[in-house]
Amino acid sequence: MKVWMKKTGKVFSVALLLFLSMFSGCINPFQTGSCKFISYEIIDDDGYAALRVEVNATSGLTLKLLGPFNNLVGEKQLENGVQTVTIDLAESYETPADGSYTLKVYNGGTNVVTKKSFVVTPTSLSISDFRGRWWKEGVDSYSLIEVVLSIENNGNAPVYLKEMNVTVDGVSSFTAPIFNGTVEGKTSKGVASSFYVPGLDESEHVFVVKVFDYSGNVLFSKTFSEEPYYDSAMKRFSLSWKYKWRSFSISLPLPAELLSFYSSIKRPVIEDYSFYVISPYDDSYVDLVTRRLISLFNGEGEELIDFVASFVQSIPYAEEEGEYPQFPIELLNNGSGDCEDKAIFASSILYNLGYDVALLRFPEHMAVGVHLPDVTYDGRIYYEDESGKRYLFLETSNTAWTLGNADLEYRHAGNFTLYHVTSKPVLVEECKPPTRYTSVVKDYISVDTTVKNIGTEDAENVYVSAAFLTQYGVVVNGEKSSLFTVAAGREKRVSFTVDYPDVTVVKVYVRVVYEDKISTEATFVFA
């Protein structure tokens, strides 16, 4: 039976090559199975510290990995011949416990065919360089907009860095997430964070830098000194526009590390584009943009909202091939965007200003909704959420539109979806094609999927369900995983089995369910 995958994700893997050859262990001549270890390496497997083992074995054997406390870390069933298996050493973005680990191969329940031990050395990080990226905002005033650290991991397992804290001159403290914070064992890497620290003069400043892992542990702290400087090579975005017969102009930096990070992100298959607004990595950058706009316009309430809209509306509109939503810095770097890109950008600024905003998705368009208490909605264009809360329509694609006004097509459109811009979980799924296993006594499929939470709040009571669709359109043999939690910015690998039905099937659905709603679905066609 052949299986085609209709939709799944591509798992990115960066391997740390700590390659050690191992020799075969002793084999009991009274046992029928044999196994020879060829090599192993401790790697980063898309956010998981893992052991990758190459073996030459006979089928029917079981490979088990035991941890420093003789605890079972993971196990794999071996096939016949040379093969590579991977076993996670810890949960996503966690550093594995240091100590001695043992690989054991079993023939049957308790018969050990061969074994081999290795050691995970303790985490040991050092920092060799601090580089600040500066933006000159005034005659003698600078802003720190990025920090880049050169970090060396002296251990032999990957380390996952989550946040960086910078204290300036012992007074102001700022914390921001780290871009691409995986540092593999025995390697050096530059890691960066986006900050907005305004109002620094040209004198030398003292920076105390701390780096945290995903468990909140301080991995190191170090003090540096640096003097601001003008970076003439930094790319920038500039725009001039008019609002109510007044002329405005703005110039904004395009920090290289932030732009590179967002440009490298694979676009998730989701309808809720508020993900592009609430992503925390550019919070400081959006704050910089917001403050620059406020410095140009002395207004509040609807006047300020319309001014922000006029700025975004004046960015050139450009259609794109396919669907590629842009993060704010990507829109500014490209100098143009379509309706989704401009709606994302406008809502990012308004959300930063503290407004209750939403994205309004129509079949061929996207706009922004703004809820304002204590204003009249009579005679104005608005859309309601499920609870009846009203959001005034704000067009961001075309110029001259103000809050509560709309083109005829969007004055009373019935086919729309409202997505609140707020801190929340956002779940996506990367599912492998299910594998069917058959024997004299069993016939089932193995479901293996990864549930990622790319949002900003934890998702609790999540489960994965799987079911078959027969040729007659009937859903049969539904099973689901146990409940689990996916923390914000983390992921969970889920595996379970589903009995194969005694009827002809054409599809298998694998769904992630959160709060009794299907968050994402992968469909596999059987033929």
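Structure: see above.
Per chain, residue numbering runs from 1 following the sequence as it is written. Residue-level local features of this predicted model are given only where pLDDT is at least 70; pairs of side-chain atoms are given and counted only at 80 or more, and the full residue set underlies all totals for whole chains, interfaces and linings. As a rule here, side-chain values come from all non-hydrogen atoms in the structure, and water together with hydrogens is ignored.

Caption draft 1: Region of interest: helix α4 (residues 301-314). Comment: elements are numbered from the N terminus, with helices defined as DSSP H or I runs of at least four residues and strands as E runs of at least two. Helix span, as expected, comes to 1.5 Å for every residue beyond the first. An ideal rise of 1.5 Å per residue puts 20 Å on 14 residues; α4 measures up with 20 Å between its terminal C-alpha atoms. Buried within α4 are the following residues: L304, I305, D306, F307, V308, A309, S310, F311, V312 and Q313. Contacts are assigned to residue pairs with any non-hydrogen atoms lying within 4.5 Å of each other. On its buried face, α4 sits against β18 (236-243), β19 (246-253), α3 (283-296), α6 (339-352), β21 (365-371) and β23 (390-394). Exposed residues in this analysis have more than 50% of their type's maximum accessible area, buried residues have under 20%, and partly exposed residues fall in between, with area computed by a 1.4 Å probe over protein chains only.

Caption draft 2: Molecular detail of the environment of S225. With respect to the helices and strands, the residue S225 is situated in strand β17 (residues 218-226). Look at S225 and you get partly exposed, because its relative accessible area is 44%. A sequence separation of 79 residues divides S225 from E146, and the C-alpha atoms of the two residues are 15 Å apart.

Caption draft 3: Spotlight on a negative patch on the surface. Together, D140, D169, D201, E202, E204 and E227 line one region of the surface with negative charge. Counting through the fold element by element, E204 comes out in the loop between β15 (187-200) and β16 (205-213). Residue classification places E204 among the exposed residues on the basis of a relative accessible area of 54%. Nonpolar side chains (Val, Leu, Ile, Met, Phe, Trp, Tyr) within 5 Å and like charges within 9 Å form the patches, drawn only from residues with over 30% relative accessible area and no salt bridge. Residue burial considers only the protein chains on display, and all accessible areas are found by Shrake-Rupley using a 1.4 Å probe. Here, a salt bridge means any Lys or Arg side-chain nitrogen found within 4 Å of an Asp or Glu carboxyl oxygen. Only four residue types enter the charge count, namely Lys and Arg as positive and Asp and Glu as negative; His and the chain termini do not. Each charge is placed at NZ for Lys, CZ for Arg, CG for Asp and CD for Glu.

Caption draft 4: Up close: the sheet that holds strand β5 (residues 62-66). Only strands that DSSP links by at least two bridges are regarded as paired with each other. Spatially, the four strands line up as an open sheet ordered β6-β5-β8-β9, and their pairing is antiparallel. What marks the edges here is a single partner per strand, and that holds for β6 (72-77) and β9 (112-120). Pairwise comparison of adjacent strand axes, ignoring direction, gives a mean angle of 15° for this sheet. Judged from the five bridges that link them, β5 and strand β8 (residues 99-106) form a sheet pairing that is antiparallel. Structural elements are reduced to axes, namely lines fitted to C-alpha atoms, with helices fitted over the stretch in contact, and the angle between N-to-C directions of any two is expressed from 0 to 180 degrees.

Caption draft 5: Spatial organisation of the side chain of Q326. For Q326, the position within the fold is in the loop between α4 and α5 (328-334). Of the residues examined, Q326 reaches a relative accessible area of 5% and is grouped as buried.

Caption draft 6: Representation of the sheet that holds β21 within the structure. The antiparallel open sheet is built from five strands, whose spatial order is β22-β23-β21-β20-β24. For this open sheet the edge positions go to β22 (382-384) and β24 (417-420), each flanked by a neighbour on one side alone. Adjacent strand axes in the sheet meet at a mean angle of 35°, parallel and antiparallel pairs treated alike. Sheet contacts for α6: β20 (356-362), β21 and β23; angle to β21, the most-contacted strand, approximately 15°.

Caption draft 7: A look at the pairing of strand β32 (residues 505-514). Burial of β32 is extensive: seven of the 10 residues sit out of reach of the surface. As defined by bridge partners, strand β28 (residues 459-470) adjoins β32 across nine bridges and the pair is classed as antiparallel. In the strand pairing of β32, Y463 is matched with V513.

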